[in-house]
Structure formats: structure tokens, C-alpha cells
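What follows is each chain in one-letter form.
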Amino acid sequence: NGSASGTVKAASNAAVDPKTDHTRWRLRNDDGRQTWHYLESDEELKAWPMSAADKYYLGMDTGAPTLGNANTALQAAENGLAFYSRLQLEPGNWGCEYGGPMFLLPGLVITLYVTDKRLSRPEEMEIVRYIFTMQNVGSKNDGKGGWGLHTEGDSTVFGTAMNYTTLRLLGVSKDDPRMQIARKCLHDLGSAMNGPHWAKFWLSVLGVSGWDLVNPVPPELWLLPDWVPISPWRWWIHMRQVYLPMGHIWSKKWSYPRAETDPLIKEIRKEIFTQPFEWSRYRNHISPIDNYNPKSWVLNLINWILVIIYIPFLRFDWLVKRAEAWTWAMIQIEDKNTNYAALAPVNSPMNMLCCFIEEGPDAESVKRHREHLHDFLWMSKNGMMMNGTDGVQTWDTAFTIQALVGAGLADDPKYKPMMEKALRFLESQQFTSHPHGYETSSAYSDPPTAKTTPEAGYRQARRGAWGFSTRSQGYTVSDCTSEALKAILELQELPSAQGKGKVFPEIMDFERLRWAADIILSMQNTTGGVASYEIRRGSEKLEYLNAAEVFGRIMVEYDYPECTTSCVTAMHLFSKAFPDYRREDVEEFQKRAVQWIRTDQRPDGSWYGSWAICFTYAAMFALESLATQGETYETSERVRRACKFLVDKQNEDGGWGESYRSCELGVWVDHPDGSQVVNTAWTVIALLEAGYAERSVLEKAVKLLMQRQQENGEWLQEGIEGVFNKSCMISYPNYKFIFPIKALGMFARKFDNPQIDP
Ligand code: LAN
């Protein structure tokens, strides 16, 4: 596996950084769990040939044949599919480089460094190459020599201090010219003293800074009774699972034990800080570019009270012991529930460090975490990065199925085996049991409700749900459950063209499907809307306690138009297939959700999207769900308003292009590079779902999609597609296949596939 040792066969044309031999990398996929391996020996190479997908991810020629130009939308969709279908992986899913965030690798590399563990030499080399490729030099972003919060962002202290430190830990010299400009950039931004809370946390773990630089993260919060409005169980799951291990480590003031004798640590300290090392003076310093979401006066006051009064005088030993014991128990529950994969790549290394601290270097828990860190690492043509999750397996597979159904290609004998494989993959990834401790807790019922208890680790029911990545990771996501359920229903219910029976076998029976519906029904908020992982448990006022200056709207769950509409369309399809199951609940669910979607629409007709960029994405979901309720261009003023919003934004060339700044600012911002294939496809789907009648508008957009297609059927990567927490972008490279294929196919079906001269 990745911990292979021995000499690396570096490619001879290595430019500045040594590069591994890319023909030796292979992606392994065990039931959806994806890990990259560098094959050292020629025997291994012979035994394990490179797949088209491996080559594609590594930026090599996949050998896809030239198909010639399409002259209908359907032909273009089929050409796209000819290319994309070759990338399906053995278990039936599609893989994906899920990069963007630039603060993930540092957590991993620091954790491994302080626990005396290392990555393999090929991995380290490729991580160095990746970080340097993402450096803002020349025409890249601000060109100032640092790194941003994400790959398309301007240099920040967070990005620059963390990635600089990571490169140093991986053996890059401080005299490397690129390190010199990075240092200059960091110093111009006020040095690492101006970093956000999370940067200061990691630097203190490494022992580069002292813990007085870090605002308090008292684990005692976890001892608050559940009824208290700020109790952590009410927070958004990502904040809960990050502040849990962070609080545990903060409480112990644990730092790399050899920090004071390791010369590298002292050097880094001198390189990234320009001020005297008077840590406590700089606790609240932050550079304006990092300060997307400034700390509230409430949080500042609380921090002040904690530091001046609580910590020195009231933080009794017995209290600390109890708090640490409870956070450790909760960390173990999280590890058990996710099979050590952890919720995300932020808490994964933190949990590993907690296991190391509690159980020692040789513990089984540490070993298992160490193995699972590989699930996040992804090899690309630019080097090795850390994915935002342990993959996008379920999500992209569900959308791929729906794209083929939407395009009318799912029952084509050419694609039927591929679809059946994808269907079997989804079947294999459904959760078939509840979280640890849930079934014996007072929260249990069948069908489930959103109730939870401490014994269940504050998790909700999950039997029947799907997550974003794999079954093993184990976290329900509302819209991942919905999109998977939709994909399965669409395929399994597909009538055969001869009018006799169905095209696909029944791979999932009623019982398994009703479990999924039960989960969706349990996820509706009192507002009628649906959030991401759980129902909303706390007030928006908890944002006053948002300590991560770099992100907005993170403290609690919110109603999201994408999640809500996804659930509406899923329940609509489900009720068509099984009209008698919980009929009233299903109807009520849809009614209340649609009502919420209506209220979430802005006066200009748009919806703000939270998980991809931005208004075009949300419009696609919203208009699809309204169509299921009979609200279309013909029948509904609000749908006409939504269409007008979109059509007004169409570019001269027929496409749409939205910048990620739309997400940050909450208003439409044109993409600086003009039309984007993915935004254009989303809009075409949105307009077609709405029953928008003006064919010329759609045809112009379809032409653009066809013009951008390469001769082998592929579309090239354009701007980044996704977002989270308003400020951090994340890539969804399969979207440039999935949505154009769907849009082209839907257009062809609607207008009898006319001849088009691109
Ligand atoms: C994701 C990715 C998928 C996304 C959708 C399913 C698209 C969305 O509709 C619901 C929310 C969800 C599941 C989501 C939540 C936040 C995630 C997990 C991410 C954007 C991928 C990475 C991000 C995670 C928070 C990254 C780690 C950073 C922290 C601040 C903890």
C-alpha cells in the first residue's frame, strides 16, 4: 500500500521538484473505499495494468477514440457518454479528484509528524509538488506567492502559514526561491500571528507556537445539560466533530513532545513569525483577508472571561477530568460509527491524535486511523492532494444514473450493463443499521423520528439512508439519500419499450426503499425545509459563537433549497411507486417542503445555492421540485420569475457563467472567464424542467455545450464548481460530464432531436 518503501523511480524530466513515475500509480477501489498505490516493482506493474480511469485522473491520454463532430444534441450526449462511461470503476461508481480546500493536507502532515509517522516517499514527493503547483505565483490568483483558503482564492495567512509549514515538514529548504516569496507574502500579511483560530491550533500542536496563542476550546461545554441552548449536540455536525477532538487536545495542551529539541521546529518558528514570541498578545490578531466572519462581541467577551477568570481560578481538576473523559468517549463513538474513516478530513487527523495521546503510539485505534488517512489522499496530474471527503462515490453515481434516465439513454443496450452496475453499487452503499448505541436508546422507534440521546452519540437514525461517499463512513445526508433513492426508483421503475415488464431487475425491494423514505420523512424541520445531515437543533443565534473566522453560517443546520427540493422530488417519485405507504405523511411532507421552497425564493426569482456555484445550481433543484407539484412556466408566476432571472443572465454566446464570488457575496457575479459548461448545463436543465417555451434560448445554450465538447466526447475542466460554508470552494469534476449529458439528452427528447450545426 501507500507505505511502500525503497527508492522512487523519479521521471527523468523532473523539472524543479522530483516527480514520481506517473505510470506506476493505481487507484484501488474496495467496495467504494478508494486508495492510491505506487507500484515499486515491475512484477506488480505487470500484474496490475493501468485503467482508463487511472490515466484520466493522472492527466494522461486515456486512448479514447476520436468520434467526430456531433450534429444533434443526442449525438453529443452519446459522445460524452462514450468518454465518461470508460471512467466507471470496478464496483460501479465514478471516482473524483475532490480538491479545493487548502487547509486539509497541513492537518494530516502535522499529525503524522508529531506522532512520528510518515507517508511513503512517493506520496511525500507528490504532496510537495501539489502544494507548489497551487502556489499563487504568476497569473495564479493574486500572484503574491502564498496560498488561499482554496485553490482559486487569494493568499491568506491560513493558507500560507499552513502550507509553508507543511512543505518545511516534508523537507523543502527555506532557501528554495518559492519558499522565499511565500515567506515574504506571509510577512506582508502580518505573519502567522495573524492566522485564524484553526491555524493557531495546528501550529501549537506542532509546538511551533505556544498554546497561549489559541483562544480557549473548553471541553467542559460537552458537560452542559442537553436543554441548554448552546449545548454542542445542537451544533452542525461538522463543527461538533471538529471542536470535539480540538477541545480534548486544547484541554491537555498537548504539543509535539520533541518540539524544543527538534531544530526544524525552531527554524519554522523563526520563519513564520516576525513578532516576539509573546503568544498571548496575539490570540485575537487576524489579518483582514482571513477574517471573512469576524468574531462577535459575544464571543470576544466569553473568551476574555474564560482567559482572565475561568481558566486561572475556576477550572478545577475534577471538572477537567470529567470533561476530558466524556469527550474521549464521544471521540471513540465517532470512530466506531465511521469505522475510523471519520466524518471529514479535518476531524480525521484530530481524532487520530487523540487516540495517540490516550492509547499510545502502538494502539489499534492509531493504526486504523493511520490506514484510513489514505482514503482522503488523491493522486492527480498536479500531485497528491487531500480530498474534501473520502470520496463522492454515492453522490456522483446517483446523478449519473439520473442523467442517463433524463437523457433517455438508460435502457439503451449499450449502457444497460453500466447502469446495472451503478445500481448495484448504490444498493451496496445503503446503511442497513443504525448508529452505535441508537437501537438500545430511548430515541429508537420504527419508523424513526429525529429524536436523539447521548447514548446514541447524539446521532439520528440512519438505517435506510445514504451518505455522500460510502456506507462505511456512515453519515446520513438528506439529499444524498434522496438522490440515491431517486436514481434507484427511476431505474427500477423504468418500463421496457415493448410495454412488457421493466428494463432492470428489482435489486432493492420495498422494505429497503421504505427505510429510505422513512429517513427522509424524519428530516424535515418545523419550517418545512430540510437541512444537510440532521434536523436543525439550535438557534441561528449560535453563530455568535462561531470561532472559525474563515467560514460563515456553520454553527447550526439550516434549511437548504437544494436539500429540501431533492427530498421533495424523491418523495414524489416514491409516492408514485408506493402510493399507499404512509400516504398522509408523504403528502404532508411535500406540501410543507414546497411551501418552504416558495418562501425561500428571492423577489428577483432566484434561489441562493449553498453547495455549488450558485444561483444556477439552486435553480435546477428548485424548478425540478416545483415541476413535480405541477408548477411550471405555464401555470406559475413564480416559475416564470425564476426563468426570467436565468434568461436575463444568459451570455451572448448562449451560455451561463457564474463566479464563486456569488457564494461569498450572495448576489450574482459573472464568471470572469465567461460561460461555463457546468453552469450552462444546470440552467438548461432548470429551464427544461420548468417547461420554458422559448426554444431559441435553449438551442443557443445547447450549441455552446456542443462547441465546448472535444472530439473524443470529453469536456475539459473549467472553473471550480462547488462551495461550502460560503467561503470555501471545492471541485466536482464529474459535473462537467453528468450535467451536459443530461441537459443535451433532455433537450433532444423535448424537441425531437433537431439537427444542430455547432
Ligand atoms: C459536503 C459535500 C457534499 C454536500 C452536498 C451533498 C452537496 C450538500 O447538498 C449537503 C452537504 C454536503 C454533504 C457537504 C457538507 C460539508 C462538506 C462535507 C462538503 C462540502 C465536502 C467538504 C465539507 C467539509 C465540511 C470539509 C471539511 C471542512 C470543515 C470546515 C470541517
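Remember, predicted model here, so these are calculated numbers, not experimental data.

## Notes on the confidence of the model for the protein
- Here the protein averages 95 in pLDDT, while 98% of its residues score no lower than 70.
- Our summary of model confidence lists the complex with pTM equal to 0.95 and ipTM equal to 0.95.

## Details of helix H4 (residues 104-114)
- Burial analysis of H4 places 10 of its 11 residues in the buried class, the great majority of the element.
- The set of residues buried in H4 consists of Leu104, Leu105, Pro106, Gly107, Leu108, Val109, Ile110, Thr111, Leu112 and Val114.
- Once H4 ends, the next one or two residues include Asp116, with phi positive near 55°.

## Observations concerning the UniProt feature "domain: Squalene cyclase C-terminal" (unreviewed entry) in the protein
- Mapped onto the present numbering, the UniProt feature "domain: Squalene cyclase C-terminal" (unreviewed entry) falls on residues 394-747.
- A distance of 26 Å separates the end C-alpha atoms of residues 394-747, which is 46% helix and 2% strand.

## Describing the environment of Asp670
- Along the chain, Asp670 falls in the loop between helix H23 (661-665) and helix H24 (677-690).
- Asp670 sits in the partly exposed class, given a relative accessible area of 47%.
- Separated by 14 residues in the primary sequence, Asp670 and Trp656 have C-alpha atoms spaced 8.3 Å apart.
- When residues no more than four places from it in sequence are discounted, the contact partners of Asp670 are Gly657, Glu658 and Ser659.
- Of the polar contacts made by the side chain of Asp670, one reaches the side chain of Trp668; its length is 2.9 Å.

## A closer look at unusual backbone geometry
- Residue Pro447 is reached from Asp446 by a cis peptide bond, and omega for that bond is 0°.
- Structurally, the position occupied by Pro447 is in the loop between helix H16 (416-429) and helix H17 (478-492).
- Residues Ile613 and Cys614 are joined by a peptide bond in cis, for which omega reads -25°.
- Structurally, Cys614 can be placed in the loop between helix H20 (583-600) and helix H21 (615-628).
- Located in the positive-phi region is Asn141, a residue other than glycine, with phi close to 45°.
- Along the chain, Asn141 turns up in the loop between helix H5 (121-133) and helix H6 (157-169).

## Concerning the nonpolar core
- If you look at the biggest cluster of nonpolar residues, it comprises 249 residues, and the most contacted ones within it are Phe103, Trp198, Val205 and Phe551.
- Every residue in contact with Phe551, bar those within four places of it in the chain, is listed here: Phe103, Leu149, Trp198, Tyr292, Asn293, Asn546, Phe724, Asn725, Ser727 and Cys728.

## Here's the deal with the layout of surface pockets
- Volume-wise, the largest pocket comes out at about 890 Å³.
- Around the largest pocket, the lining comprises 36 residues; the ones closest to its centre are Glu97, Lys381, Asn382, Gln717 and Glu718.
- Elements that contribute at least two residues to the lining of the largest pocket include exactly helix H2 (52-57) and H5.
- There is about 740 Å³ of room inside the second largest pocket.
- Along the walls of the second largest pocket sit 28 residues, with Val405, Gly406, Glu490, Leu573 and Arg749 positioned nearest its centre.

Definitions and limits used
Residues numbered from 1 in each chain as written. Predicted model: local features only at pLDDT ≥ 70, side-chain atom pairs only at ≥ 80, totals over all residues. Heavy atoms only, no water. pLDDT = per-residue confidence, 0-100. Buried < 20%, exposed > 50% of the residue type's maximum accessible area, 1.4 Å probe, protein only. Helix = DSSP H or I, 4+ residues; strand = E, 2+ residues; numbered from the N terminus. UniProt positions renumbered as here; feature names shortened; annotations may be inferred. Contact = heavy atoms within 4.5 Å. Polar contact = N/O pair within 3.5 Å; in protein donor to acceptor, adjacent residues only side chain to side chain. Core = buried A, V, L, I, M, F, W, Y, C linked by side-chain atoms within 4.5 Å. 1 Å grid on protein atoms, 1.4 Å probe; cavity = no way out; pocket = protein on both sides within 12 Å on 5 of 7 lines; lining within 4 Å. Points joined across faces, edges and corners; volume = space filled by probe spheres on them.

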